[in-house]
Amino acid sequence: MSSVLKVDTIQTTAGAAPNLVDMGFSTANTIIAAYYATSSTTSQSTTSSSFTNITGLSITMTPKLATSKILIQAVLAGETQGTHTDRGIRFAIYGGASGTTVKYYSEYDLYDSVDSSQRISKVPIAYIESASDTSARTYNIAYASTTTNSNATARINQYGEPSQMLVYEIGQ
């Protein structure tokens, strides 16, 4: 014998839509949501030490649970090139309601100190924070040269290699 239960709406006693915890499911150490972004293969370059967002690497998400952790990961196709003896590329993760609060910052992700060769690499970065609330937020990845000098170029996606970004909401 089989039974079928059909309902139009499930609500909490307060009248809200239930989340996983409300329905008795454990969310501990599970991925509740995953978001993905990839940059174009178009190259971006700068000789400035001011951060510039990488085109395409922006994710807006709304956590389902205030108790979750948010994990931001990226693999970035970076290059440093030029004759300046102290040059490199650095990355930052911005977040918050408008995506302008620095969450992660590195002084050097790729660095060359004395030669005039170029350095090309896939650079992994990661940052984790508590969701704290269920407000929408935006995460952006930005890059900059380590110095402002016309002979210290920082490039992203130079040889048709896109960069990728993942944002996970992880239940606690």
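The coordinates are above.
Computed from a predicted structure; not experimentally measured.

Enquirer: Residues and numbers for the overall build of the protein, please.
Expert: On a plain count of helices and strands, the protein comes out with 0 helices and 11 strands. Sequence-ordered secondary structure for the protein, helices as α and strands as β, is β-β-β-β-β-β-β-β-β-β-β. Over its C-alpha atoms the protein spans a radius of gyration of 21 Å, topping by over 25% the 16 Å that the globule rule assigns to 172 residues. Counting only C-alpha atoms, the protein reaches 75 × 35 × 25 Å along its principal axes. The buried share of the protein, reckoned over its 172 residues, is 39%. Entry remark: accessible area of the protein is about 9200 Å², with carbon and sulfur atoms responsible for 50%. Between the mean site of the 10 positive side-chain charges and the mean site of the 12 negative ones, the protein shows a separation of 3 Å.

Enquirer: Give a description of the nonpolar core that names residues and reports values.
Expert: Proteins that are soluble and globular tend to have nonpolar side chains buried together. In this structure, Leu76, Phe91, Ile125, Ile141 and Met165 are the most contacted members of the largest nonpolar core, which totals 24 residues. For this core, the elements supplying multiple residues, two or more each, are β3 (52–61), β4 (69–81), β5 (87–95), β8 (119–130), β9 (137–145), β10 (153–156) and β11 (164–170). Sequence-distant contacts of Met165, that is, excluding residues within four places in its chain, are made with Tyr35, Tyr36, Ala37, Leu57, Ser58, Ile59, Ile72, Gln73, Ala74, Tyr139, Asn140 and Ile141.

Enquirer: How would you summarise a nonpolar patch on the surface if you had to cite specific residues and measurements?
Expert: A surface patch of nonpolar side chains, amounting to about 350 Å² of accessible area, comprises Leu5, Val7 and Ile10. As for its position among the elements, Ile10 is in the segment before β1 (31–38).

Enquirer: Go over the environment of Ala17 with me, naming the residues and quoting the values.
Expert: Mapped onto the elements, Ala17 comes out in the segment before β1. Take Ala17: its relative accessible area is 65%, and that puts it in the exposed class.

Enquirer: I'd love a proper account of the pattern of salt bridges, names of residues and values included.
Expert: Overall, the coordinates contain 5 salt bridges when judged by the stated rule. Across the pair Arg155 and Glu79 runs a salt bridge whose closest N-O atoms are separated by 3.3 Å. Residue Arg155 is found in strand β10, and its partner Glu79 is found in strand β4; the two are separated by 76 residues along the sequence. Neither Arg155 nor Glu79 differs from the other in exposure class; each is buried. Between Glu129 and Lys103 there is a salt bridge, with its nearest N and O atoms 3.0 Å apart. One end of the pair, Glu129, is in strand β8; the other, Lys103, is in strand β6 (residues 101–105), and 26 residues separate them in sequence. A relative accessible area of 11% places Glu129 in the buried class. When its relative accessible area of 25% is taken as the criterion, Lys103 is described as partly exposed.

Enquirer: Quick rundown of the packing of aromatic side chains? Include the residues and the values.
Expert: Evaluated as defined, the whole model comprises 2 aromatic pairs. An angle of 75° between the planes, with centres 6.4 Å apart, marks the rings of Phe51 and Tyr94 as edge-to-face. Linking Phe51 in the loop between β2 (44–46) and β3 with Tyr94 in strand β5, this pair joins segments that are 43 residues apart in sequence. Looking at Phe51, the relative accessible area reads 24%, which means it is partly exposed. Overall, Tyr94 belongs to the buried group, its relative accessible area being 16%. Aromatic pair Phe51 and Tyr105: ring centres 5.7 Å apart, planes at 80°, arrangement edge-to-face. One end of the pair, Phe51, is in the loop between β2 and β3; the other, Tyr105, is in strand β6, and 54 residues separate them in sequence. Grouping aromatic residues by their ring pairs yields a cluster made of Phe51, Tyr94 and Tyr105.

Conventions we followed
Residues numbered from 1 in each chain as written. Predicted model: local features only at pLDDT ≥ 70, side-chain atom pairs only at ≥ 80, totals over all residues. Heavy atoms only, no water. Helix = DSSP H or I, 4+ residues; strand = E, 2+ residues; numbered from the N terminus. Rg over C-alpha atoms; globule rule 2.2 N^0.38 Å. Buried < 20%, exposed > 50% of the residue type's maximum accessible area, 1.4 Å probe, protein only. Areas by Shrake-Rupley, 256 points an atom, 1.4 Å probe, with all protein chains shown as cover. Lys, Arg positive; Asp, Glu negative; His and termini not counted. Charge placed at Lys NZ, Arg CZ, Asp CG, Glu CD. Core = buried A, V, L, I, M, F, W, Y, C linked by side-chain atoms within 4.5 Å. Contact = heavy atoms within 4.5 Å. Patch = residues over 30% accessible without salt bridge, like charges linked within 9 Å, V, L, I, M, F, W, Y side chains within 5 Å. Salt bridge = Lys/Arg side-chain N within 4 Å of Asp/Glu carboxyl O. Phe/Tyr/Trp six-rings, centres within 6.5 Å; stacked < 30°, edge-to-face > 60°.

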